[in-house]
Amino acid sequence: MNKTVEVHSSVSALVQRALELILSKAETAIGERGQFTIALSGGSTPKPLYEAIANQKLPWDKIHVFWGDERYVPADHPDSNELMARRAWLDQVALPKANIHAIPTLSANPEVDAAKYNQHLQTFFNSASGEFPALDVVLLGMGDDAHTASLFPYTEALKVSDRLVTVGNKDDNLRITFTYPFINAARSVIFMAAGANKRPALAQVFAPVADDFAYPSRLIRPQGELYWLLDAAAGLEL
Ligand SMILES: O=C(O)[C@H](O)[C@@H](O)[C@H](O)[C@H](O)COP(=O)(O)O
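Residues numbered from 1 in each chain as written. Predicted model: local features only at pLDDT ≥ 70, side-chain atom pairs only at ≥ 80, totals over all residues. Heavy atoms only, no water.

Per an unreviewed UniProt entry, the protein goes by 6-phosphogluconolactonase and derives from Dolichospermum flos-aquae UHCC 0037.

Attention now moves to the site of the ligand. Neighbouring the ligand are 15 residues, the closest being Ser-44, Thr-45, Asp-69, Arg-71 and Lys-198. Here Thr-45 contributes a side-chain N or O atom positioned 2.5 Å from an oxygen atom of the ligand. Between Arg-175 and the ligand, the recorded distance is 3.3 Å, taken from a side-chain N or O atom to an oxygen atom. Considered on its own, the ligand offers 420 Å² of accessible surface; in the complex 88% of this is hidden by protein. Along the lines of polarity and charge, the residues of the shell around the ligand split into two nonpolar, nine polar and four charged. (Near = heavy atom within 4 Å. Polar contact = N/O pair within 3.5 Å; in protein donor to acceptor, adjacent residues only side chain to side chain. Areas by Shrake-Rupley, 256 points an atom, 1.4 Å probe, with all protein chains shown as cover. Nonpolar A, V, L, I, M, F, W, Y, C, P; charged D, E, K, R; others polar.)

Time to look at the sheet that holds strand E6 (residues 165–170). Spatially, three strands are ordered E4-E7-E6 in an open sheet, and the strand pairing comes out antiparallel. What marks the edges here is a single partner per strand, and that holds for strand E4 (69–71) and E6. On average, adjacent strands in this sheet sit at an angle of 30° to one another, irrespective of strand direction. The sheet contact formed by E6 and strand E7 (residues 173–178) spans six bridges and is antiparallel. What sits directly across from Thr-166, in E7, is Thr-177. Here helix H4 (residues 110–125) sits on the sheet in contact with E6 and E7, set at roughly 140° to E6. (Pairing = 2+ DSSP bridges. Helix = DSSP H or I, 4+ residues; strand = E, 2+ residues; numbered from the N terminus. Axes fitted to C-alpha atoms, helices over the stretch in contact; angles between N-to-C directions. Contact = heavy atoms within 4.5 Å.)

So, on to unusual backbone geometry. Despite not being glycine, Ala-108 has its phi angle at roughly 70°, a positive value. For Ala-108, the position within the fold is in the loop between helix H3 (81–88) and H4. For Ala-108, a relative accessible area of 71% translates into the label exposed. A positive phi angle is found at Ala-149, which is not glycine, with a value near 45°. Its place among the elements puts Ala-149 in the loop between strand E5 (137–141) and E6. (Buried < 20%, exposed > 50% of the residue type's maximum accessible area, 1.4 Å probe, protein only.)

Here we take up H3. Across the eight residues of H3, six count as buried, placing the element largely inside the fold. Among the residues of H3, those classed as buried are Asn-81, Glu-82, Leu-83, Met-84, Ala-85 and Ala-88. At its buried positions, H3 is contacted by strand E2 (36–40), helix H2 (47–54), strand E3 (63–67) and E4. The opening residue of H3 is Ser-80, an N-cap whose side-chain oxygen sits 3.2 Å from the backbone nitrogen of Glu-82.

With that settled, the discussion passes to the nonpolar core. Among the nonpolar cores identified, the biggest contains 73 residues, and Leu-49, Trp-89 and Phe-178 are the most heavily contacted of them. Tallying contributions element by element places helix H1 (residues 11–33) first for this core, with nine residues. In this structure Leu-49 touches Val-15, Ala-18, Leu-19, Ile-22, Leu-139 and Met-192, once residues within four positions along its chain are discounted. (Core = buried A, V, L, I, M, F, W, Y, C linked by side-chain atoms within 4.5 Å.)

Next up on the list: the pairing of strand E8 (residues 188–193). Among the six residues in E8, six count as buried, and that is most of the element. Residues Ser-188, Ile-190 and Met-192 line one face of E8 and the alternating positions Val-189, Phe-191 and Ala-193 line the opposite face, and both faces are buried. Taken together, the five bridges between E5 and E8 define a ladder with parallel strand orientation. By the bridge assignment for E8, Val-138 is matched with Val-189.

The next subject is the pattern of salt bridges. Enumeration according to the criterion identifies 15 salt bridges in this entry. Across the pair Asp-136 and Arg-187 runs a salt bridge, and its minimum N-O distance is 2.8 Å. Placement of the pair is Asp-136 in the loop between H4 and E5 and Arg-187 in the loop between helix H5 (180–184) and E8, with a sequence separation of 51 residues. Exposure remark for Asp-136: the relative accessible area of 5% places this residue in the buried category. One continuous salt-bridge network, built from bridges that share partners, spans Glu-32, Arg-33, Asp-136 and Arg-187. (Salt bridge = Lys/Arg side-chain N within 4 Å of Asp/Glu carboxyl O.)

Looking now at the side chain of Gln-122. Along the chain, Gln-122 falls in helix H4. The buried category is assigned to Gln-122, whose relative accessible area is 12%. Leave out the neighbours within four places in its chain, and Gln-122 touches Ser-127, Ala-128, Ser-129 and Leu-164.

With that out of the way, let us pick up the side chain of His-101. For His-101, the position within the fold is in the loop between H3 and H4. Those residues in contact with His-101 that lie beyond four places of it in its chain are His-64, Val-65, Phe-66, Trp-67, Tyr-117, His-120 and Phe-124.

Structure follows, in C-alpha cells:
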C-alpha cells in the first residue's frame, strides 16, 4: 500500500485535487486498458466533484461508473446516492446508459439486490466467485463515526470477506455496500473528508493501534494507492 495524506486549504481546493487525480487515473487506465472504472460515494462532500467532472471533455463511452454503496431506496428518492450522482454528473454528459452500473434496490429484499450487484460485477470483470477484481478508482467518504461506504461500526458487514457486495446497516436502515476486501483490491482508493467533525474519527483511523471494528475506515488498506484528501478543518492536528 502506498498511502498519501494531503491537507488542502479549503473544500474547493480538495475538490480540485480530487478532480486532477481522477482525470490522471482515467487517462492512464484508458491508455493502458481501454476503459476507466470508478466507484462513487454518497454523502455531501463529492457533489461538487461530480459537477466538476461533468464539465470536462472526456471519452465518456470508455468510462464505467459504479457505486461503493447505496441507501435502500428507489433511484428517484432524495436519499439515493445514484440520484445525486445522476443530477450532478451523469445526466449532464453523453455517458452511455450501459456504462452506468447502479446498485439495484427494488426487489424488496436487500440480500437479493446485494447478490444481484455482486453477480453484475463478476460478469463485468469476468471474475470468479472468491476473486476480487480491481476497480481503477474507489472514491470514499468517511462519517464522523469513521464509517466508510456503508461499513458502519460494529456491524456484520465488516466481517464479510468472501464476496464483493453485502448488506450494510446504519442503525435499522439497510443499505448495500462493497465489502472491504473488494475496496482494497482497487488500484486507487481516494477518501475525501472535510469538516472539523471528522477530526476525532481521523485520529483513530490514523492511530497505529485501534479497533478496526469500532473505526471501519481502518479496514481500508488497498493493494494499490490510498489517498486521504482532507480540508484544513479535518486535517488540523494530524
Ligand atoms: O452513502 C453514504 O452515506 C456514503 O457513501 C457515506 O459513506 C459517506 O461518504 C459518508 O457518510 C461521508 O459523508 P459526507 O461527505 O456527507 O460527510
